[in-house]
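Listed below are the residues making up each chain.
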Amino acid sequence: MSVGLTPSLEEPAAVLAAATDGAAARHYVTGRRKWVLLVSLGLVFFTLLTLYASCLGVLLPNQIQNIDPAGKAKTLGIIYAITSVFSTLTTPIAGALSDRTRSRFGRRTPWIVVGATIGGVAIILTPHGGGLVGITAIWLVSVVTLNAMQPAITTLVADRFPPEERGLASGVVGGAMTAGVSFGTFFAGTLASQIPLAYGIVGTAIIVVCLAFVLVNPEPQVALPPSTPLKLGAFLKGFWISPRAYPDFAWAFLGRFCIYMGYQAILTYLLYILQDHIGMSQGRANQMIASMSIVTFVALVVSGLGSGVLSDRLGRRKPLVFLASLIMAAAVAMPLIVPTAHGMFAYAVLIGLGYGAFMSVDLALMTQVLPKPRPGEEDATGKDLGILTTAVNVPQILSPVMAAALLSATGNNYTVLFIVSGVFVLVGSFLVLPIRSVR
């Protein structure tokens, strides 16, 4: 693989048109290839989110609690903050470099293969890291490499599907992601007593699924001219997208950021919420996570797949994203209003409905607010989607730190955490409304 040096494999018009909503039909997947790609994308994102949910929500928290039971919340927040700083930087940079990559396998394929392989091996090794330093170091390798892979495969939605089918593609991806979140928490909750085995399964799965993806869905063998020489100053400058010049991009970024700040704070501390707020033992809390995930799975399948198709048929994205965000805000409020197991099950239902619909439509909306390349400019779809992905990654840095600080300052008063998280999600839902270029 090289970045900006060798002859390429994709026709620039195909990528440019995919980013600017003006692609000729022949550049997009059709017929059987379209459905194969949709199913393959779904499998990859299902596996990736199974990995993330199982590790972030169950396996790592259990590991940290076993090592440092007294300072578990603070320690977990620090580990997530450290690794998320690197993953946040990795995503847009890897997206930009994949735009410039020229290899006989294509632009995105090398990033998918290398990132998934190294990341999967690191996941397998995580339970064998020993102390907190070793675990953090290995987890850092895994999140950096997996985040280098993610923008390459996410960009395929813009690369290979016309705008009128991106709701369908986004629905499949979003439904698969939310299903992965539910299955991951169920899977890890069930195997919480066998942590090395659980890590080994999800690490192996991401390698196998991604390698199978690139074999079944090879990139088109068409030509691109060599990328322009890489100049560090211009490369770094390209990561600034002016809110004044591209307000819709800015609103989409801010809305996504706020929604994930609230959502991630609850998801990250779910195990501790069940123990310290609801009053369950560690073993019972892990069982409860597994049970909640089943409820969430049913809800998200209904809302996730249906919302993407509905948004294509209506030709509207914003109302569905707005409604989904309001449902997520209601979900975050449930443990506060009803601090019992029943309240947590209500949270599971509502978060499944809201997050499923949000993920299904949000990706399609993101592809339609990307800055359009000016004449003579190179395609930057991977970079721009990578920047929007930082609206998910930055909350992974800030929300655990915010949650740990709130809990530390209030003596583990989770009521404050629920209120702050709910406000973030509610504000994020309204930030979608000013977007003008998407209905």
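Each value, and the rule that gives it
- Residues numbered from 1 in each chain as written.
- Predicted model: local features only at pLDDT ≥ 70, side-chain atom pairs only at ≥ 80, totals over all residues.
- Heavy atoms only, no water.
- Salt bridge = Lys/Arg side-chain N within 4 Å of Asp/Glu carboxyl O.
- Helix = DSSP H or I, 4+ residues; strand = E, 2+ residues; numbered from the N terminus.
- Buried < 20%, exposed > 50% of the residue type's maximum accessible area, 1.4 Å probe, protein only.
- Contact = heavy atoms within 4.5 Å.
- Patch = residues over 30% accessible without salt bridge, like charges linked within 9 Å, V, L, I, M, F, W, Y side chains within 5 Å.
- Areas by Shrake-Rupley, 256 points an atom, 1.4 Å probe, with all protein chains shown as cover.
- Axes fitted to C-alpha atoms, helices over the stretch in contact; angles between N-to-C directions.
- Parallel < 35°, antiparallel > 145°, perpendicular 65-115°, else oblique.
- Left-handed = near helix turned anticlockwise from the far one by under 90°.
- Nonpolar A, V, L, I, M, F, W, Y, C, P; charged D, E, K, R; others polar.
- 1 Å grid on protein atoms, 1.4 Å probe; cavity = no way out; pocket = protein on both sides within 12 Å on 5 of 7 lines; lining within 4 Å.
- Points joined across faces, edges and corners; volume = space filled by probe spheres on them.
- Phe/Tyr/Trp six-rings, centres within 6.5 Å; stacked < 30°, edge-to-face > 60°.
- Lys NZ or Arg CZ within 6 Å of the ring centre and 35° of its normal.
- Expected span 1.5 Å × (residues − 1).

S.K.: Quick rundown of the pattern of salt bridges? Include the residues and the values.
M.R.: One pass over the structure, following the stated rule, counts 1 salt bridge. Across the pair Lys 72 and Asp 276 runs a salt bridge whose closest N-O atoms are separated by 3.8 Å. Here Asp 276 lies in helix 11 (residues 270-277) and Lys 72 lies in helix 3 (residues 72-100), a separation of 204 residues in the sequence. Using a relative accessible area of 11% as the deciding quantity, one classes Lys 72 as buried.

S.K.: With reference to specific residues and values, describe the side chain of Asn 62.
M.R.: The topology assignment puts Asn 62 in helix 2 (residues 31-67). Excluding residues that lie within four positions of it along the chain, Asn 62 makes contacts with Ala 192, Ile 195, Leu 271, Gln 282 and Asn 286.

S.K.: So what's going on with a nonpolar patch on the surface? Which residues, and what values?
M.R.: Together, Ile 78, Ile 82, Val 85, Phe 86, Leu 89 and Ile 93 give the surface a local cluster of nonpolar side chains, amounting to about 500 Å² of exposed area. Within the fold, Ile 82 resides in helix 3. A residue is classified by how much of its surface remains accessible, and Ile 82, at 38% relative accessible area, is partly exposed.

S.K.: Now, about the packing of helix 10 (residues 247-268) against helix 16 (residues 414-430): what can you tell me, with residues and values included?
M.R.: The interhelical angle for the contact between helix 10 and helix 16, taken along N-to-C directions, is 155°, at an axis separation of 7 Å. Judged by the angle between their axes, helix 10 and helix 16 are roughly antiparallel. The way helix 10 lies across helix 16 gives a crossing that is left-handed. On helix 16, the residues that touch Gly 255, Cys 258, Ile 259, Met 261, Gly 262, Tyr 263, Ala 265 and Ile 266 of helix 10 are Leu 417, Phe 418, Ser 421, Phe 424, Val 425, Val 427, Gly 428 and Ser 429. Tallied by class, the residues present in the contact of helix 10 with helix 16 amount to 11 nonpolar, 5 polar and no charged.

S.K.: So what about empty space enclosed by the protein? Which residues, and what values?
M.R.: The full count for this structure, using the stated rule, is 3 cavities of 30 Å³ or more. One number sums up the size of the second largest cavity: a volume of about 170 Å³. In terms of lining residues, the second largest cavity is bounded by 17 residues, among which Val 181, Thr 185, Leu 267, Thr 296 and Ile 351 are the most central. Sorting the residues of the lining of the second largest cavity by element identifies helix 7 (166-190), helix 10, helix 12 (282-314) and helix 14 (341-368) as the ones contributing at least two each.

S.K.: Break down the layout of surface pockets for me, with residues and values.
M.R.: Approximately 270 Å³ is the volume found for the second largest pocket. Looking at the second largest pocket, it is lined by 19 residues, and the ones nearest its centre are Val 29, Arg 33, Leu 37, Asn 217 and Pro 218. For the lining of the second largest pocket, the secondary-structure elements that each account for two or more residues are helix 2, helix 4 (109-125), helix 6 (156-160) and helix 8 (195-216). With 4 residues, helix 2 is the largest single contributor of residues to the lining of the second largest pocket. Along the lines of polarity and charge, the residues of the lining of the second largest pocket split into 10 nonpolar, 2 polar and 7 charged.

S.K.: Give a detailed account of the packing of aromatic side chains, specifying residues and quantitative values.
M.R.: Enumeration over the complete set of coordinates arrives at 8 aromatic pairs. Measuring from centroid to centroid gives 6.1 Å for Phe 183 and Phe 187, while their planes differ by 25°, and the two rings are stacked. Remark: Phe 187 and Phe 183 occur in helix 7; sequence separation between them is 4 residues, near one turn of the helix. Judged by relative accessible area, Phe 183 falls into the partly exposed class, the value being 36%. Clustering of aromatic rings is evident, with ring pairs tying together Tyr 260, Tyr 263, Tyr 355 and Phe 358. The aromatic ring of Tyr 272 is capped on one face by Lys 72, whose charged end is 4.7 Å from the ring centroid.

S.K.: I'd like a description of helix 8, backed by residues and values.
M.R.: Its 22 residues give helix 8 an end-to-end C-alpha distance of 32 Å, which sits within 8% of 32 Å, the value for a rise of 1.5 Å per residue. Three or more residues of helix 8 are buried, namely Ile 195, Ala 198, Tyr 199, Gly 200, Val 202, Gly 203, Ile 206, Ile 207, Cys 210, Phe 213 and Val 214. Its buried side turned inward, helix 8 meets helix 2, helix 4, helix 5 (132-154), helix 6 and helix 7.

S.K.: Kindly report on the packing of helix 2 against helix 11, identifying the contributing residues and their values.
M.R.: Any two packed helices are characterised by the angle at which their axes cross and by the distance between the axes. Closest axis-to-axis distance for the helix 2/helix 11 pair is 8 Å, and the angle between their directions is 60°. Here helix 2 lies oblique to helix 11, going by the angle between them. On the side of helix 2, the interface is formed by Gly 57, Pro 61, Asn 62, Ile 64 and Gln 65, while helix 11 contributes Leu 271, Tyr 272 and Gln 275. Classifying every residue of the contact of helix 2 with helix 11 gives 4 nonpolar, 4 polar and no charged.

S.K.: I'd love a proper account of unusual backbone geometry, names of residues and values included.
M.R.: Located in the positive-phi region is Asn 412, a residue other than glycine, with phi close to 60°. Among the structural elements, Asn 412 can be located in the loop between helix 15 (381-409) and helix 16. Given the relative accessible area of 41%, Asn 412 is considered partly exposed.

By themselves these figures say nothing about function.
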